[in-house]
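The residues making up each chain are set out below.
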Amino acid sequence: MSNNTLILGLQWGDEGKGKIVDALAETAEAVCRFQGGHNAGHTLKVDGVQKVLHLVPSGILHPSVHCVLGNGIVLSLSALAKEIKELQESEINFKDRFYVSEDCALILPTHIAIDKVRDKSEGIGTTGRGIGPAYEDKIARRAVRFGDLKDPQKLEVKLSKLVNYHNQILENLYGAQPIKYEDVLEELTGNIDLYNKYNCKTQDLLKLWIKQGKKILFEGAQGSMLDIDHGSYPYVTSSSTTAGGLSSGLGVGPRYLDSIIGITKAYTTRVGEGPFATELFDSNAEQLAKVGHEFGATTGRPRRCGWLDLKALETIVFINSVSNLCLTKLDVLDSFEEIKVCIDYDDTQQPIYKTFSGWKQDTSKARSFEDLPKAAQDYILFIEETLECKIGIVSVGPSRDQTIYRD
Ligand code: GDP
Ligand code: IMO
Ligand code: MG
């Protein structure tokens, strides 16, 4: 792995970013997130123990790896406090290696209330974590930011104005219960400890680390097809989940990136509403969901399942300038008689499939490309030929060691 590597999901999230970042963090010095918030659910499995991270970067299980939440994150203080507490309870140390940008826009309880009540009519199927409303306030230049916790008087002026605005939306637009200003203030002042411990000018830190030649992983959240600009709008999240989001979300220019790893499952899933060309509704869908345990790591919702869409991925690989692909959950296809991949769409936008015969063998113990059955190798080679991009990593199970490195 080269020095600075960006790791991105190429589909609608849940591609296995957490697992891969954790595995690659073994040889990294820092892992940094740059967009999204606690809508993410990144699952790590180490020594049989599973952990789901929502905000904390997936490098935290490695005791010497530094972890950063960049300015592009929308930050819920209560969610962060809860996550840190739970990790500390399992002996994970945050001291002198966890940093949060003073410029993160805060997610307030009122953002969460607006998100939930609004989604009832808009039907995006959001995670209900206040992500959209928090980014709205950021773009409209009225957000309360993490660094605002420094000055309690100024904070109160800014916060009271914002909460008042939110309560007008809740009451007048949606006929919903307002949230008491004091309760919102308490969420912030009650978590002042987070500010005292972790507040940081993270852009300065990144500049220093890059000048020092530190090996850094940048961990994307969500997936490219949920990108605010390039995803299936309006059924998207509210951040730039593609490679472009990195520079704005951390203050690291594109030339400091050495490689971009794009992760795709060996099939496709989606949580929430929106178009999904290769979605299945038959026994294959049930089999993918069952074998792949396809339930959301954040909301527990069942994930919709379908075949891999190479036509869509081709564009996504270009948008992100992916240098290396990572194919996850190959083992989930082990029991299938036939496996299909979408190679194009017809005039009515229906997928045109190429059919592969299944390998009907356990791949979960394979540790090299040569260990894989021939039919699985053919599947992998077809994907990389079609996307004109090398598949450098293949994942055959949720554990750190169930990973095949081809480089
Ligand atoms: P993320 O949001 O991209 O980090 O992905 P999630 O953690 O939400 O979902 C991926 C799920 O698949 C988690 O339950 C992982 O433990 C699991 N997983 C990751 N890689 C593999 C794999 O190669 N095979 C199998 N069977 N499970 C995997
Ligand atoms: P990770 O990082 C899968 C989806 C939601 C919804 C849409 C908008 O674990 O891959 P939001 O709450 O962000 O406004 O919801 O985006 N979504 C995800 N789907 N994985 C995620 O994160 C997601 N984060 C948001 O289901 O369709
Ligand atoms: Mg997830």
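So, a few notes on the structure that sits alongside this text. (Residues numbered from 1 in each chain as written. Chains lettered and ligands numbered in written order. Predicted model: local features only at pLDDT ≥ 70, side-chain atom pairs only at ≥ 80, totals over all residues. Heavy atoms only, no water.)

## Focus: the overall build of the protein
Right, so step 1: Scanning the protein for helices and strands turns up twelve helices and 19 strands.
Right, so step 2: The C-alpha atoms of the protein give 21 Å as radius of gyration, which agrees with the globular expectation for 407 residues (22 Å, within 12%).
Right, so step 3: Taken over 407 residues, the protein has a buried fraction of 57%.
Right, so step 4: Summing over all exposed atoms, the protein offers an accessible surface of approximately 17,600 Å²; the carbon and sulfur share of this is 49%.
Right, so step 5: In the protein, which carries 46 positive and 55 negative side-chain charges, the distance between the mean positions of the two groups comes to 4 Å. (Helix = DSSP H or I, 4+ residues; strand = E, 2+ residues; numbered from the N terminus. Rg over C-alpha atoms; globule rule 2.2 N^0.38 Å. Buried < 20%, exposed > 50% of the residue type's maximum accessible area, 1.4 Å probe, protein only. Areas by Shrake-Rupley, 256 points an atom, 1.4 Å probe, with all protein chains shown as cover. Lys, Arg positive; Asp, Glu negative; His and termini not counted. Charge placed at Lys NZ, Arg CZ, Asp CG, Glu CD.)

## Focus: the site of ligand 1
Right, so step 1: In the vicinity of ligand 1 there are 18 residues, among which Lys17, Gly41, Thr43, Asp331 and Ser395 approach most closely.
Right, so step 2: In this structure, Asp14 approaches ligand 1 through a side-chain N or O atom, which is 2.9 Å from an oxygen atom.
Right, so step 3: Here Asp331 contributes a side-chain N or O atom positioned 2.7 Å from a nitrogen atom of ligand 1.
Right, so step 4: Here ligand 1 loses 92% of its free accessible area of 590 Å² to cover by the protein chains.
Right, so step 5: A per-element tally of the shell around ligand 1 places helix H1 (residues 17-24) first, with three residues.
Right, so step 6: Split by domain, the residues of the shell around ligand 1 number at least three in each of domain 1 (4-101 + 199-260) and domain 3 (264-405). (Near = heavy atom within 4 Å. Polar contact = N/O pair within 3.5 Å; in protein donor to acceptor, adjacent residues only side chain to side chain. Domains from an automatic or database assignment.)

## Overview of the sheet that holds strand S10 (residues 216-219)
Right, so step 1: The strand order across the open sheet built from ten strands is S9-S7-S5-S2-S10-S1-S11-S15-S18-S19, with neighbouring strands paired in mixed fashion. A single partner strand is all that each edge strand has here, and the edge strands are strand S9 (199-200) and strand S19 (403-405).
Right, so step 2: Pairing geometry for strand S2 (residues 30-33) and S10, over four bridges, is parallel. By the bridge assignment for S10, Val31 is matched with Leu217.
Right, so step 3: Here helix H8 (residues 202-212) sits on the sheet in contact with strand S1 (4-9), S2, strand S5 (66-69), strand S7 (98-101), S9 and S10, set at roughly 140° to S5. (Pairing = 2+ DSSP bridges. Contact = heavy atoms within 4.5 Å. Axes fitted to C-alpha atoms, helices over the stretch in contact; angles between N-to-C directions.)

## So, the coordination of the magnesium ion (ligand 3)
Right, so step 1: The protein atoms that coordinate the magnesium ion (ligand 3) are Asp14 (OD) and Gly41 (O), at distances of 2.1 to 2.2 Å. Of this pair, Asp14 sits in the loop between S1 and H1 while Gly41 sits in the loop between S2 and strand S3 (42-46), placing them 27 residues apart in sequence. (Donors = N, O, S within 2.8 Å, 3.2 Å for Na, K, Ca; no water.)

## Some remarks on the pattern of salt bridges
Right, so step 1: A complete count under the given rule lists 23 salt bridges for this structure.
Right, so step 2: Here Asp148 and Lys158 are joined by a salt bridge, their closest N and O atoms 2.9 Å apart. Residue Asp148 is found in the loop between helix H4 (131-139) and helix H5 (152-173), and its partner Lys158 is found in helix H5; the two are separated by ten residues along the sequence.
Right, so step 3: We classify Lys158 as partly exposed; its relative accessible area is 33%.
Right, so step 4: With a shortest N-O distance of 3.3 Å, Asp193 and Lys197 are connected by a salt bridge. Taken together, the residues Asp193 and Lys197, both in helix H7 (residues 192-198) and four residues apart, mark about one turn of the helix.
Right, so step 5: Since its relative accessible area comes to 52%, Lys197 is described here as exposed. (Salt bridge = Lys/Arg side-chain N within 4 Å of Asp/Glu carboxyl O.)

## With respect to unusual backbone geometry
Right, so step 1: The omega angle of the peptide bond from Tyr233 to Pro234 is 5°, so this bond is cis rather than trans.
Right, so step 2: Position of Pro234 among the secondary structure elements: in the loop between S10 and helix H9 (244-250).
Right, so step 3: Even without a glycine there, the phi angle at Asp14 is positive, about 60°.

## Overview of the packing of helix H3 (residues 109-122) against H4
A pair of packed helices is characterised by two quantities: the angle between their axes and the separation of those axes.
Right, so step 1: Where H3 meets H4, the axes come as close as 7 Å, and the angle between the chain directions of the two elements is 120°. Relative to H4, H3 is oriented oblique. Here H3 contributes His111, Ile114, Asp115 and Arg118 to the contact with H4, which in turn contributes Ile131, Gly132, Pro133, Ala134, Glu136 and Asp137. (Parallel < 35°, antiparallel > 145°, perpendicular 65-115°, else oblique.)

## Quick look at the pairing of strand S11 (residues 259-265)
Right, so step 1: Counting buried positions along S11 gives seven out of seven residues, so the element sits mostly inside the fold.
Right, so step 2: Bridge analysis of S1 against S11 gives five bridges, and the strand direction is parallel. Bridge pairing links Thr5 to Ser259 in S11.
Right, so step 3: In the sheet, S11 pairs with strand S15 (residues 324-328) via five bridges, with the strands oriented parallel. Each bridged residue has a counterpart across the sheet, and for Ile263 the counterpart in S15 is Cys326.

## Thoughts on the packing of aromatic side chains
Right, so step 1: Enumeration over the complete set of coordinates arrives at ten aromatic pairs.
Right, so step 2: Ring centres of Phe98 and Tyr198 lie 5.1 Å apart, and the angle between their planes is 80°; this geometry places the pair in the edge-to-face category. Within this pair, whereas Phe98 is found in strand S7, its partner Tyr198 is found in helix H7, the two being separated by 100 residues in sequence. An identical accessibility class is assigned to Phe98 and Tyr198; each is buried.
Right, so step 3: Taken together, Phe356, Trp359, Tyr379 and Phe382 form an aromatic cluster joined through their ring pairs.
Right, so step 4: When the ring centre of Phe356 is taken as reference, the NZ or CZ atom of Lys354 above it lies at 5.2 Å.
Right, so step 5: Here the guanidinium or amino end of Lys354 rests over the ring plane of Phe382, the centre of that ring lying 5.2 Å away. (Phe/Tyr/Trp six-rings, centres within 6.5 Å; stacked < 30°, edge-to-face > 60°. Lys NZ or Arg CZ within 6 Å of the ring centre and 35° of its normal.)

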